[in-house]
Amino acid sequence: MQPIKAPDLASPRFKANPYPFYARLRTKAPLYRTRALGQTTWLITRYDDVFAALRDERFTKGGSMTAEERTKMPWVPGLLKPLTRNMLDLDAPDHTRLRALVHKAFTPNLIERLRARVQTLCDELLTAAERQGRLELIRDFALPLPLTIIAELLGVPPEDRQKFHSWTKRFVAVSSRSDLFLALPPLWMCVRYLRRLFERRRADPQDDLVTALVQAEEAGDHLSPDELLAMVVLLLIAGYETTVNLIGSGTLALLEHPEQMERLRRNPGLVQLAIEELLRFTSPLDIATERYAREDVTLYGMTIPRQELVLLVLGSANRDDRQFPHPDTLDLAREPNRHLAFGQGAHYCLGAPLARLEAQIAITALLQRFPGLRLAVPAETLCWRKSLPLRGLEQLPLAF
């Protein structure tokens, strides 16, 4: 068999259509050794294997490493070390403790209370686009919607919200050491801003999530200063980045499948199933966050050595024909649909209820407001974002 040459997994060109490569891996090399993030990396691509690995305690976030093993890990600048104390990078019991501090703010019942606010914001954004006679979906709709909602929950003032997108955009695009250096200045500005915000909330508490987390940090037994900083950065980034991709890529998928778009427009009650299918079909989080082998793990006759990096490819698992009949077909009424877009196990996406609510309302509002919605540029000219974990569009110019 000819060796399979690895593309640049983070490149915009690859992100435009990664699925043929993933299909080849599932068939020929379901455990695939390559390099990513400057180190030896193992890709797991089949649905059953990804599902199992997401729950497998042999794959750790790094918490089981000895001090000597940590010295062998890729270098992390001092500025970023506090940010490694976030839930995504920790195992139990620290992960369990940190998740417990915020999970109550993201329960389905509490998120449902945001429905009216999300609907109002969607209507305002679409009305503004209608007045302008144009809609660049990412900038004018898909980004400001979830960014505004998560910023309001946290208590970030309106005049400061756009700053976070410009600061964190470079961070999620990091796939090499040079990318990391380019990301340091905006991250430094982000960290400085947040530390000042924490001081303001200590002096003047508000009814927001940042105040609640600051008070937990002050209690001393729940949250350290580094964990406070990492938690807020994570909630900001995770609170809008994947939802932007879901609304953007989901809209593009509908435009490329007009019969499905019309099906949803005529039957808005289909929207819950439709969003689940768009999650599966577009996989806004293409690759799950890093894991490391806690011990030597053998799969398909190959051994992943202890402490080597493992990447679970959600975008591949969600297109596996062993789990999904006709996986490359968009079927908005697909049932069952046990996609892995939000992960599985202990690190299952905390914000899944919020992402679902925002996408359901946003897609419905968009289709109802603009029945003549169409691409304003050829699909082949669209540019995808550079990112290893995420898959999303830079821009999506639309006409109506």
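Here's what I pulled together on the structure shown here. (Residues numbered from 1 in each chain as written. Predicted model: local features only at pLDDT ≥ 70, side-chain atom pairs only at ≥ 80, totals over all residues. Heavy atoms only, no water.)

Points about helix α12 (residues 209–219)
No. 1: Taken together, the buried positions of α12 are L209, V210, T211, L213, V214, A216 and E217.
No. 2: Contact partners of the buried residues in α12: α5 (94–102), α9 (144–154), α11 (177–203) and α13 (225–238).
No. 3: For α12, the side-chain oxygen to backbone nitrogen distance between the N-cap and V210 is 3.3 Å, and the N-cap itself is D208. (Buried < 20%, exposed > 50% of the residue type's maximum accessible area, 1.4 Å probe, protein only. Helix = DSSP H or I, 4+ residues; strand = E, 2+ residues; numbered from the N terminus. Contact = heavy atoms within 4.5 Å. Polar contact = N/O pair within 3.5 Å; in protein donor to acceptor, adjacent residues only side chain to side chain.)

Examining the environment of V310
No. 1: Along the chain, V310 turns up in strand β8 (residues 309–312).
No. 2: Taking C-alpha positions, V310 is 9.4 Å from T60, a pair spaced 250 residues apart along the chain.
No. 3: If sequence neighbours within four positions are ignored, V310 has contacts with W42, I44, F59, E290, R291, A293 and I304.

Some details on the packing of aromatic side chains
No. 1: One pass over the full model with this rule turns up 12 aromatic pairs.
No. 2: Centroid distance F164 to W167: 5.2 Å. Interplanar angle 80°. Geometry classified as edge-to-face. Of the two residues, F164 and W167 both sit in helix α10 (residues 161–172), 3 residues apart, roughly one turn of that helix. Considered together, F164 and W167 belong to a single accessibility category, that of buried residues.
No. 3: Grouped by ring-pair contacts, the aromatic residues F14, Y19, F21, Y22 and Y32 constitute a single cluster.
No. 4: For the cation-ring pair, R280 lies above F324, with the distance from its terminal atom to the ring centre recorded as 5.3 Å.
No. 5: The aromatic ring of W384 is capped on one face by R391, whose charged end is 4.1 Å from the ring centroid. (Phe/Tyr/Trp six-rings, centres within 6.5 Å; stacked < 30°, edge-to-face > 60°. Lys NZ or Arg CZ within 6 Å of the ring centre and 35° of its normal.)

Side note on the sheet that holds strand β5 (residues 291–293)
No. 1: Taken in spatial order, the 5 strands of this open sheet run β1-β2-β8-β5-β3, and their pairing is mixed. Each end of this open sheet is capped by a strand with a single partner; those strands are β1 (31–36) and β3 (59–60).
No. 2: Sheet topology note: the β1/strand β2 (residues 39–44) ladder contains 6 bridges and is antiparallel. Bridge assignment links Y32 to a residue of β2, and that residue is L43. (Pairing = 2+ DSSP bridges.)

Re helix α3 (residues 47–55)
No. 1: Listed as buried for α3 are Y47, D49, V50, A53 and L54. Seen end-on, α3 carries its buried residues on one side only, within an arc spanning 165°. Those residues of α3 that are exposed and angled more than 90 degrees off the buried face are D48 and R55.
No. 2: On its buried face, α3 sits against β2, β3, β5, β6 (297–299), β8 and α17 (314–317). (Arc of directions from axis to C-beta.)

Details of the state of the cysteines
No. 1: Counted according to the given criterion, the structure contains 0 disulfides.
No. 2: You can see C349 has no disulfide; the closest cysteine sulfur is in C122, sitting 19 Å from it. (Disulfide = S-S within 2.5 Å.)

Digging into the pairing of β8
No. 1: Across the two faces of β8 the burial is the same, with L309 and L311 and V310 and L312 all buried.
No. 2: Pairing of β5 with β8 involves 2 bridges; the strand directions are antiparallel. Looking at the pairing, Y292 lines up with L309 of β8.

Describing the environment of R200
No. 1: Within the secondary structure, R200 is located in helix α11.
No. 2: Taking the relative accessible area as the measure of exposure, R200 reaches 36% and is therefore partly exposed.
No. 3: Between the alpha carbons of R200 and R13 there is a distance of 43 Å; along the sequence they are 187 residues apart.

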